[in-house]
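# Descriptive structure summary
Each chain is listed here by its residues.
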Amino acid sequence: MKIGIPRGFLYYKYHVLWETFFEELGIDYIVSPKTNKDIIRKGTMQAIDEACLPSKIFMGHVDYLIPKCDYLFIPRIASLGTNKDIVCSKFQAIYDVVNNTYRDKNLKILYYSIDVENKDTELKAFLKMGKFLGKNKAQILKAYYIAKQAEKTAKMIDLNNQKLLLASSNLKILVVAHPYNINDEFIGKPLQDILHELDCEVILASIVDEKKARERAKNISRTLPWTFNKELVGAIDIYKDQVDGIILVSSFPCGPDSLVNEMVIRRFKEKPIISLVLDGQEGTAGLETRLESFVDIIKIQKEEKEEVTNGSI
Amino acid sequence: MAVSKVNFPRLGSYNVAVAHIITKGLDCEYVDAPPITKKTIELGAKYSPDFVCTPFKYQLGGYIEAIEAGADTLIQVGGACRLGYYGELHEQILKDLGYHVKFVNMANANFNKPLTFYEEFKKINPNMNVKKVAQATLLAIKMVEVIDKVEDFIRENVGFEVVEGSFQKLHEDFLDDLKDVSDKKELAIIYKLYMRKFKKLEVKKVKNPLKVGIIGEYYTIMDEYSNHYMEKELAKKGIIIERWMNISNTIFHNYAKEVKQSIKKYARFDMGATAMYTIKKAIDYAKEGCDGIIHVKSFGCTPEIDTMPVLQKISEDYKIPIIYFSFDTQTSDVGINTRIEAFYDMIMMRKEEKEK
């Protein structure tokens, strides 16, 4: 039995957990390749026109995997906490969206469903999925705990690498974006490349102590309901003193981001900040110009400040 | 202390009931926002983030107009989707615009701690009498149920009115009289009286008329300005309109569990916000023999977008045409009417074909 993991959405947040879990249980899997033109084309064809860009990309990855695996892996999340810790409804719906879109293909889907508000925790969800895979409780628990450990280690490595970047003398730009946007070859990678070419260090808001960030988000917005956005907004509060500027990156037309990024722009005044909406259209000339001018402004402001502190004015 | 002048975002005809809670329950003044016009939308769109869903823009425009009409206290209720975060951003935008108003945001309250709701209500009137608020709320709930029943009747019959505008005129009178109701008994009398009047209105029903079900996103489906008076347009063509989605059916009655069960064939999970109801009603209308289904939503409404692949399958399975409308502040009447026209022609031809 071979499981196909689409490289989209939750993959970027949970892939270490998933991959280790399957490996520990001796289950074969493949991950779809990095997003390419063909994947985008297929996804756009299958998805509803108005659907958000990452969901079209996700659909493209699903399309790629269908002939190559026995089971598609499409987990679902409804809530991650008991009080206002919801996720975008896309993550609640994606299982049924895929299932209906490809109904004629009679897909076999492997899933888990997390809904902490209704007492379906991650552990419970994985136990259920493990059982479906024909494993016994001891095997599943062992695999899950090893996977959790691997996840923790991977996060620590990411955090440490980011720490090194934060110590750099280059300009440091905090990029606030969902991992499935900023790490996608088509949506976020071009933006990261441009920033690197401008000699900036890219600090990712998604690499953060998530629990701490969820708490810190309250300093910026009190009623923010989406867990993933809380982590990003909290990261701003955590990293703000260590970076020179902040870029909020969203993909078209993201529901939660449309409100949250507007709120952040209105409330956060401590560092230069811009908000970008990426629509996945080809050509990065416009993006380059915007990023260049943003970086220029930061540089000028920084120089002025340094002159003041050096007493040259 | 001066009495608060309270506004609540307009939704369908329900403001009569909201006004009752505010005036009779909370002893405050109720400031109705002027009817939504193009200006409301322009105001809302101007100060809202570009690609936020349309109801946010309508409501922001409404708040501004209400403030200009004298409101000093605004209420936002929140909801299951993006709505849950409207309040805090509305408040921030109004503040940045320089408006000094009290903003009561139910998203500040916590369902696990009922007392937090009381705390929010107290912002409207610190000296409120809880018993009075409770009584007024109970009557307001009954009012909403009556409004919904009356409007169901209108949707079924208005397409066949003999005197153009007769239903609308009577509906306006009904809402007007509803404002003065102060207890359950009076409400029952008004309800009976108007139902009798509605039934007396002259209608000329054709044999076997076209029937269309409307499904979709909560706000856009209930706010006639947002959906460009779609129901009225359909009625002009002599169509019976079915629309299950209203406040009584979704808030006062909780059908979630049975709905979830009944749509298992199409959706294993709850797909968020009102997605389950959209799917359930599409199936119901198809089974009931409606001639077509109209799906409405504001542009970018994720839960409703996600129902669309499901609706396409329902359309296939039951061989029922479904047309999809997505509204934003740029939507033009002409575009909508052309599509409704085409849809009407299509379902009409199908019906004639079938009857042969």
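Counting restarts for each chain: residues are numbered from 1 in the order of the written sequence. Key to labels: chains lettered from A, ligands numbered from 1, both in the order written. Only residues with pLDDT of 70 or above have their local features reported here, since the model is predicted, and side-chain atom pairs are shown and tallied only from 80 upward, although totals for entire chains, interfaces and linings are computed over all residues.

Once that is clear, we can look at the overall build of chain A. When helices and strands are counted, chain A shows 12 helices and 10 strands. Radius of gyration: over C-alpha atoms. The globule rule applied is 2.2 Å multiplied by the number of residues raised to the 0.38 power. For 313 residues, the compact-globule estimate of 2.2 N^0.38 gives 20 Å, and chain A sits close to it at 21 Å. Oriented by its inertia axes, the alpha-carbon framework of chain A measures out at about 75 × 40 × 35 Å. Here chain A holds 313 residues, and the buried ones make up 45% of them. If you take every contact in chain A between residues at least 6 apart in sequence, the share linking residues at least 24 apart comes to 71%. Strands here mean DSSP runs of E at least two residues long; helices mean DSSP runs of H or I at least four residues long; both are numbered from the N terminus. For every residue, the other C-beta atoms within 10 Å of its own C-beta are counted; 20 or more classify it as buried, 12 or fewer as exposed, and values in between as partly exposed. C-beta atoms are placed from the backbone. Contact between two residues is assigned whenever their backbone-derived C-beta positions fall within 7 Å.

In most cases, non-glycine residues show a negative phi, while peptide bonds are predominantly trans. Pro253 of chain A follows Phe252 of chain A through a cis peptide bond whose omega is -20 degrees. Inspection of the secondary structure assignment puts Pro253 of chain A in the loop between strand 9 (245–251) and helix 11 (255–267). Of note in the backbone geometry, Asp199 of chain A takes a positive phi value of approximately 60 degrees without being a glycine. We note that Asp27 of chain B has phi near 55 degrees; this positive angle belongs to a residue other than glycine. Its location among the elements puts Asp27 of chain B in the loop between helix 1 (15–25) and strand 2 (29–30). Residue Asp27 of chain B is classed as partly exposed on the basis of its 17 C-beta neighbours within 10 Å.

Now for the domain arrangement of chain B. All names here are of chain B. Boundary definitions for the domains trace back to an automatic or database domain assignment. Under the domain assignment, chain B is made up of domain 1 (5–128), domain 2 (141–205) and domain 3 (207–356). Inter-centroid distance (C-alpha atoms) of domain 2 to domain 3 is 24 Å. The interface is formed by 10 residues belonging to domain 2 together with 13 residues belonging to domain 3. Its residues assigned to classes, the side of domain 2 that touches domain 3 comprises 4 nonpolar, 1 polar and 5 charged. Side-chain classes are defined by residue name, with Ala, Val, Leu, Ile, Met, Phe, Trp, Tyr, Cys and Pro counting as nonpolar, Asp, Glu, Lys and Arg as charged, and the others, Gly among them, as polar.

Before going further, it helps to spend a moment on the packing of helix 7 (residues 166–178) of chain B against helix 8 (residues 184–200) of chain B. Residue and element names in this part refer to chain B. It is the contact of helix 7 with helix 8, at a shortest axis distance of 11 Å, that shows an interaxial angle of 175 degrees. In terms of orientation, helix 7 and helix 8 fall into the roughly antiparallel class. Contact with helix 7, carried on its side by Leu170, Phe174, Asp177 and Leu178, involves Ile190, Tyr194, Lys197 and Phe198 of helix 8 and no other residues of that element. Of the residues in the contact of helix 7 with helix 8, the class split is 6 nonpolar, no polar and 2 charged. To get an axis, fit a line to the C-alpha atoms, keeping to the stretch in contact for a helix; angles then go from 0 to 180 degrees between the N-to-C directions. Oblique is the label for every angle not falling under 35 degrees (roughly parallel), over 145 degrees (roughly antiparallel), or within 65 to 115 degrees (roughly perpendicular).

We now examine the sheet that holds strand 5 (residues 210–216) of chain B. All names here are of chain B. Between any two strands, pairing holds if DSSP finds at least two bridges. Strand order across the open sheet formed by 4 strands is 6-5-7-8, with parallel pairing between neighbours. Each edge of the open sheet carries a strand with a single partner, namely strand 6 (239–242) and strand 8 (322–327). Taken over all neighbouring pairs, the strand axes of this sheet differ in orientation by 25 degrees on average, direction set aside. Bridge analysis of strand 7 (residues 292–298) against strand 8 gives 6 bridges, and the strand direction is parallel. The partner of Ile293 across the bridge, within strand 8, is Ile322. Contacting strand 5, strand 7 and strand 8, helix 14 (residues 302–318) crosses the sheet at an angle of about 165 degrees to strand 8.

Time to look at the interface of chain B and chain A. If you look at the interface, chain B gives 37 residues, while chain A gives 33 residues. Looking at which element gives the most residues to the side of chain B that touches chain A, the answer is helix 14 of chain B, with 8 residues. When grouped by side-chain class, the residues that make up the side of chain B that touches chain A number 19 nonpolar, 11 polar and 7 charged.

Let's shift gears to the confidence of the model for chain B. Close inspection of predicted coordinates is inappropriate in any region flagged by low pLDDT. One confidence number per residue, pLDDT, is output by the predictor and ranges from 0 to 100. On average, residues of chain B score 94 in pLDDT, and 100% of them reach the 70 mark or higher. Across the predicted assembly, pTM comes out at 0.95 and ipTM at 0.94.

So, on to the nonpolar core. Membership of the largest hydrophobic core comes to 184 residues, with the highest contact counts inside it found for Leu174, Val175, Val176 and Ala205 of chain A. At 10 residues, the largest contribution of residues to this core is made by helix 6 (residues 130–157) of chain B. Setting aside anything within four residues of it in sequence, one finds Leu174 of chain A in contact with Ile203, Ala205, Ile236, Tyr239, Val243 and Ile246 of chain A. Joining buried Ala, Val, Leu, Ile, Met, Phe, Trp, Tyr and Cys residues through C-beta atoms within 7 Å gives a set, and that set is a nonpolar core.

With that out of the way, let us pick up the pairing of strand 9 of chain A. All names here are of chain A. In terms of burial, strand 9 is largely enclosed, as 7 of its 7 residues are buried. Sheet topology note: the strand 7 (residues 171–176)/strand 9 ladder contains 4 bridges and is parallel. Considered in strand 9, the bridge of Val175 is made with Ile247. Here strand 9 runs beside strand 10 (residues 273–278); their pairing, made up of 6 bridges, is parallel. Within the sheet, the bridge partner assigned to Val249 lies in strand 10 and is Leu276.

Residues and elements named next belong to chain B. One open sheet holds the 4 strands; their spatial order is 2-1-3-4, and the pairing between them is parallel. Only two strands of the sheet have a single neighbouring strand rather than two, namely strand 2 and strand 4 (102–105). Pairing geometry for strand 3 (residues 73–76) and strand 4, over 4 bridges, is parallel. Within the sheet, the bridge partner assigned to Thr73 lies in strand 4 and is Lys102. Lying on the sheet, helix 4 (residues 83–96) is in contact with strand 3 and strand 4; it crosses strand 4 at an angle near 170 degrees.

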